[in-house]
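Next come the chains, spelled out residue by residue.
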Amino acid sequence: MKIGIVGSINVDVMYEVDRAPKQGETIFGNKYNIKNGGKGANQAVILNSLEDDVVFFGAVGTDIFGLQARNNLITKGLKSQVESKDGNTGLAIIQLSNGDNEIIVFKGANDKINEEDIDMFFKKNPDLDIIVSQLEINLESIKYLIDKAYNLGIKVILNPAPAVSLNPDIVNKVTYLIPNETEAEAIFKTNDLEQIVKENKGKVIITIGKQGVMYLDGILPRILPSEKITVVDTTGAGDSFVAGFTSGIAQGLEVKEAIEKGIRVASITCQYLGAQTSYTKVKEVFNK
Ligand code: RIB
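Residue positions within a chain follow its written sequence, with the count starting from 1. Under the rules for a predicted model, residues below a pLDDT of 70 receive no local features and side-chain atom pairs below 80 are neither given nor counted, while totals for whole chains, interfaces and linings still include all residues. Hydrogens are left out, water is left out, and the side-chain values use all remaining heavy atoms of the structure.

### Describing the pairing of strand E1 (residues 2-6)
Regular strands place their side chains on alternate faces of the sheet.
And step 1. Of all five residues in E1, five are buried, a share of seventy percent or more.
And step 2. Burial of the side chains of E1 extends over both faces: Lys2, Gly4 and Val6 are buried on one face and Ile3 and Ile5 on the other.
And step 3. When DSSP locates at least two bridges between a pair of strands, those strands are taken to pair. Numbering of helices and strands starts at the N terminus; helices are DSSP runs of H or I of at least 4 residues and strands are runs of E of at least 2. In the sheet, E1 pairs with strand E4 (residues 53-60) via five bridges, with the strands oriented parallel. Paired with valine 6 across the two strands is phenylalanine 57, which belongs to E4. Between buried and exposed lies partly exposed: a residue is buried under 20% and exposed over 50% of the maximum accessible area for its type, with that area taken using a 1.4 Å probe on protein chains only.

Okay, structure coming up:
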């Protein structure tokens, strides 16, 4: 199956601290790294390393990071169509401490992706079977993308991250919605995850961090546990899960098996610093 990903490209500025500074306080960081990120690009890079047929659409700015981000996708061998938009490339500030992270995202060029870009993407790729997206690009364009895919009978996998409240019409048109707990709560206005999973009849699959992934098994919510690993960095764990799950669905696996594949891929990513760093390892593990 051919998969199209429309999503964000960011440069990730990642720094490690022992604890978050208090308001008005200056603290020393331990080290910092500049990595390639963006939920869209992360999902596309990892999916590509699983050897699925994937094509990515995204946008970068006219600043110095634009070139770096563009070159990164070429180096990683991803088939991609990248537009240039005036202004900044998307940038994420990622604070790592105690095995967890906090992220601030500046959307930059990602927010300038428009309906014409999406029309062009469909025109260049008339044979898509699955569309994957997230919520880091312009929200109106995501609605347009989902409408268009739905009308063309293309499956839609939406990772509604970062958390925003979503119009129910979008949820209806999506084949699989993959939020984490916070995102699920923002969309469905309840923290009763079991109820969300039951009421949405198999459409909603919720990632719940270290605990694993909740889905509907027959008529009952069930959690498939995450793997026991030594975590280096959880940045991009959700993205890798979405990539692995999508790969499973594209290869005709049942939902449970596709979730297991997603969990496997995410556990590899968490053992490396940065969201895309593990792409060669993923390739090695899955394509022996
Ligand atoms: O999901 C992880 C990603 O979120 C990071 O790569 C960062 O760019 C933000 O978009």
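### So, the site of the ligand
And step 1. Only a single heavy atom is needed: when it lies within 4 Å of a molecule or strand, its residue is near that molecule or strand. Close contacts around the ligand come from 13 residues, with Asp12, Gly38, Lys39, Glu136 and Asp239 the closest.
And step 2. Polar contacts, as used here, are pairs of N or O atoms within 3.5 Å; protein pairs need one atom able to donate a hydrogen and one able to accept it. Residues neighboring in sequence count only if both atoms are side-chain atoms. For the ligand, an oxygen atom lies 2.9 Å from a polar atom in the side chain of lysine 39.
And step 3. In this structure, an oxygen atom belonging to the ligand sits 2.5 Å away from a side-chain N or O atom of glutamate 136.
And step 4. Accessible surface is estimated by sampling points in the Shrake-Rupley manner with a 1.4 Å probe; for residues, cover comes only from the protein chains shown. Relative to its unbound accessible surface of 280 Å², the ligand loses 96% to contact with the protein.
And step 5. Where the shell around the ligand is concerned, the elements lending two or more residues are strand E2 (10-16), helix H1 (39-49) and strand E7 (100-106).
And step 6. The classification used treats Ala, Val, Leu, Ile, Met, Phe, Trp, Tyr, Cys and Pro as nonpolar, Asp, Glu, Lys and Arg as charged, and all other residues, Gly among them, as polar. When its residues are assigned to classes, the shell around the ligand shows three nonpolar, six polar and four charged.

### Quick notes on the packing of aromatic side chains
And step 1. Geometry of aromatic contacts follows a simple scheme: Phe, Tyr and Trp rings, the Trp one being its six-membered ring, pair when their centres are within 6.5 Å, and the pair is stacked under 30 degrees between planes, edge-to-face over 60, tilted otherwise. In the structure shown here, the tally under the stated rule is four aromatic pairs.
And step 2. Both rings, one in phenylalanine 57 and one in phenylalanine 121, keep their centres 5.9 Å apart while their planes meet at 55°; by these two values the pair is tilted. Here phenylalanine 121 lies in helix H3 (residues 115-124) and phenylalanine 57 lies in strand E4, a separation of 64 residues in the sequence. Comparing phenylalanine 57 with phenylalanine 121 shows no difference in burial state: the two are buried.
And step 3. A centroid spacing of 6.4 Å and a plane angle of 75° characterise the contact between phenylalanine 121 and phenylalanine 122, whose relative ring orientation is edge-to-face.

### Quick look at the sheet that holds strand E12 (residues 212-217)
And step 1. The strand order across the open sheet formed by three strands is E11-E12-E13, and the pairing between neighbours is antiparallel. Because the sheet does not close on itself, it has two edges, and the strands there are strand E11 (206-207) and strand E13 (220-225).
And step 2. Both E11 and E12 contribute to a ladder of two bridges, which runs antiparallel. Pairing of threonine 207 across the sheet is with valine 213, part of E12.

### Regarding the sheet that holds strand E6 (residues 90-97)
Consider a sheet: its strands pair through backbone hydrogen bonds, and that pairing is either parallel or antiparallel.
And step 1. On the basis of which strands lie adjacent, the open sheet formed by four strands has the order E3-E2-E6-E7 and mixed pairing. Of all the strands in the sheet, just strand E3 (31-37) and E7 have a single pairing partner and so form its edges. Strand-to-strand twist in this sheet, taken as the mean axis angle between neighbours without regard to direction, amounts to 20°.
And step 2. In this structure, E2 lies alongside E6, joined through seven bridges in parallel fashion. Note on E6: the bridge partner recorded for valine 13 is isoleucine 93.
And step 3. Strands in contact with helix H2 (residues 64-75) are E2, E3 and E6; relative to E3, the strand with the most contacts, it is inclined by about 65°. Angles here are taken between N-to-C directions and fall from 0 to 180 degrees, while the axes themselves are lines fitted to C-alpha atoms, restricted in helices to the stretch in contact. Note on contacts: a residue pair is in contact if any heavy atoms of the two residues lie within 4.5 Å.

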